[in-house]
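Chain and residue survey
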Amino acid sequence: MKIKHIFGIGAIALTVVACTTNPITGRSSLQLANNSEILTMSAQEYKSTLDKSKVISGTADAKRVVNVGSRIKSAAERYYQSIGRSADLANYSWEFNLIQSNELNAWCMPGGKVAVYTGILPITKNENGLAVVLGHEVSHALAGHGNERISQAMVAQYGGAILGGTISNAQWANVFEKVYPIGSQVALLKYGRNQESEADEMGLYLMSMAGFDPREAIPFWGRMEAASNGARQPEFLSTHPNPETRIADINKDLPKALEYYRAAGGKI
Ligand SMILES: [Zn+2]
């Protein structure tokens, strides 16, 4: 059933070859696939993942995940509206769920479908730490990193044929299966290092716009690095910049983040 659904993507996407510029970081990315199709598929996968998981609701932790996530989402929406880019977010349908799992992990599917695992809460420690995680994950969705990965895979596999419009639906489906493995979770999608760096930067600004203290990102990543040392790499440590680079990048971005934080009423 999913395969049939995927076939619909090619015909629409072939008509558009587009680059998109991230309004917050200024980075350009290749966005060849049709977003509404990706978001539909993502929503299906998200639901199926939640159905197979123990979702926590009603607890203080679960409410905190929803509350912090919603504040970051709203801050992003206000920002996109302020620069006339609200249309970018038109088809997003945000959800923030807490899943019972010992893994130190969190992820976001295209379109704003976010999951946080209970295992990471001792590392986030407080709302600011949680905002670092959720800012990062929300940024993967806002920056269209799923679409970009699909686009990169298409170009790598089919090159100029994409521009010539000669890609068959079966070929599109083939690429989709590689990037979004059918039968597993979209959430397992691996992002590239430059995407991770962009999610760090954008997430830092978004948490600040939402009134969370961006200076907390440095001790958070320190706790994360210490806790995951030698363990399986969680999503946001996979293909990540090395810890020193990550901290240096955050320090570089902090002055701008603190401006957003101050504008949101934060105390410096
Ligand atoms: Zn990430």
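Presented here is a report on the structure given in the accompanying data block. Numbering of residues starts from 1 in each chain and follows the order in which that chain's sequence is written. Totals for whole chains, interfaces and linings use all residues, but because this is a predicted model, local features are given only for residues with pLDDT of at least 70 and pairs of side-chain atoms are given and counted only at 80 or more. The side-chain numbers reported here are obtained from all heavy atoms of the structure, hydrogens and water having been left aside.

**Here's the deal with the nonpolar core**
What tends to happen in soluble globular proteins is that the nonpolar side chains get buried as a cluster. Definition of nonpolar core: a set of buried residues of the types Ala, Val, Leu, Ile, Met, Phe, Trp, Tyr and Cys, connected through side-chain atoms within 4.5 Å. Working definition: with a 1.4 Å probe on protein chains only, accessible area under 20% of the residue-type maximum means buried, over 50% means exposed, and in between means partly exposed. Ile24, Ile72, Val116, Leu134, Leu142 and Leu206 are the most contacted members of the largest nonpolar core, which has 50 residues in total. Residues Leu50, Trp107, Met109 and Ala115 belong to the second largest nonpolar core, which totals seven residues.

**Topic: the sheet that holds strand S4 (residues 95-99)**
Strand order in the open sheet formed by four strands is S3-S4-S6-S5, and the pairing between neighbours is mixed. This sheet does not close on itself; its edge strands, each paired only once, are strand S3 (55-56) and strand S5 (106-109). Here four bridges tie S5 to strand S6 (residues 113-117), and the two strands are oriented antiparallel to one another. Bridge pairing in S6 links cysteine 108 to valine 114. A pair of strands is considered paired only if DSSP assigns at least 2 bridges between the two. A helix here means a DSSP run of H or I that spans at least four residues, while a strand means a run of E at least two residues long, and both kinds are numbered starting from the N terminus.

**Observations concerning the pattern of salt bridges**
Each reported salt bridge corresponds to a side-chain nitrogen of Lys or Arg within 4 Å of a carboxyl oxygen of Asp or Glu. All chains considered together, the criterion is met by ten salt bridges. Each of Arg27, Glu148 and Glu198 takes part in one network of salt bridges that share partners.

**Brief notes about helix H3 (residues 60-82)**
Helix span is expected to be 1.5 Å times the residue number reduced by one. Over its 23 residues, H3 runs 33 Å from end to end, which matches the ideal 33 Å to within 8%, given 1.5 Å per residue. Turning to H3, its buried residues are Ala62, Val65, Val68, Gly69, Ile72, Ala75, Ala76, Tyr79 and Tyr80. Those residues of H3 that are buried are in contact with S3, S4, S6, helix H5 (127-142), helix H9 (193-209) and helix H11 (243-263). Of the residues one or two after H3, glycine 84 is the one with positive phi, at around 75 degrees. Contacts were defined at the residue level, with two residues in contact if any of their heavy atoms lie within 4.5 Å.

**Quick word on helix H6 (residues 145-158)**
Here H6 contains 14 residues, and its C-alpha end-to-end distance of 20 Å stays within 8% of the 20 Å for a straight helix at 1.5 Å per residue. Within the sequence span of H6, burial applies to His145, Gly146, Asn147, Glu148, Ile150, Ser151, Met154 and Tyr158. Of the residues one or two after H6, glycine 159 is the one with positive phi, at around 50 degrees.

**Here we look at the packing of H6 against H9**
Look at H6 against H9: their axes get within 11 Å of each other, and the N-to-C directions meet at 165 degrees. Judged on the interaxial angle alone, H9 and H6 are roughly antiparallel. Between H6 and H9 lies a crossing of right-handed hand. For the pair H6 and H9, contact is made by His145, Glu148 and Arg149 and by Gln195, Glu198 and Ala199, respectively. Asp, Glu, Lys and Arg are counted as charged, while Ala, Val, Leu, Ile, Met, Phe, Trp, Tyr, Cys and Pro are counted as nonpolar; the rest, among them Gly, fall into the polar class. Of the residues contributing to the contact of H6 with H9, the split by class is one nonpolar, two polar and three charged. Lines are fitted to the C-alpha atoms to define the axes, a helix being fitted only along its stretch in contact, and any angle between axes, read from their N-to-C directions, falls within 0 to 180 degrees. Throughout this description, any angle smaller than 35 degrees is read as roughly parallel, any larger than 145 degrees as roughly antiparallel, any in the 65 to 115 degree range as roughly perpendicular, and the remainder as oblique. Each crossing is labelled by how the near helix is turned from the far one, with a counterclockwise turn of less than a right angle marking it left-handed and a clockwise turn marking it right-handed.

**What to know about the packing of H9 against H11**
In a pair of packed helices, the angle between the axes and the distance between the axes together describe the arrangement. Between H9 and H11, the least distance of the axes is 9 Å, while the angle of their chain directions is 30 degrees. Classified by the interaxial angle, the pair formed by H9 and H11 is roughly parallel. In this structure, H9 crosses over H11, and the sense of that crossing is right-handed. For the pair H9 and H11, contact is made by Ser197, Asp200, Glu201, Leu204, Tyr205, Ser208 and Met209 and by Arg246, Asp249, Ile250, Asp253, Leu254, Lys256, Ala257, Tyr260 and Tyr261, respectively.

**Re the side chain of glutamate 148**
Mapping glutamate 148 onto the fold places it in helix H6. Take glutamate 148: its relative accessible area is 3%, and that puts it in the buried class. Within 3.5 Å is the distance limit for a polar contact, defined as a pair of N or O atoms, with the added protein rule that one can donate a hydrogen and the other accept it, and that residues adjacent in sequence qualify only through two side-chain atoms. Here arginine 27 takes part through its side chain, which lies 2.7 Å from a polar atom of the side chain of glutamate 148. For glutamate 148, the side chain forms a polar contact with the side chain of glutamine 195, separated by 2.7 Å. Sequence-distant contacts of glutamate 148, defined by excluding residues within four places in its chain, comprise Arg27, Ser29, Leu30, Gln31 and Gln195.

**With respect to the pairing of S5**
Residues of S5 alternate between two faces, with Ala106 and Cys108 on one and Trp107 and Met109 on the opposite face, all of them buried. Counting the residues between successive antiparallel strands, the hairpin from S5 to S6 contains three residues, one of them, glycine 111, with a positive phi of roughly 90 degrees.

**A look at unusual backbone geometry**
Of all residues except glycine, most have a negative phi; of all peptide bonds, most are trans. Here lysine 125, not a glycine, exhibits a phi torsion of approximately 70 degrees, which is positive. Positionally, lysine 125 belongs in the loop between helix H4 (121-124) and H5.

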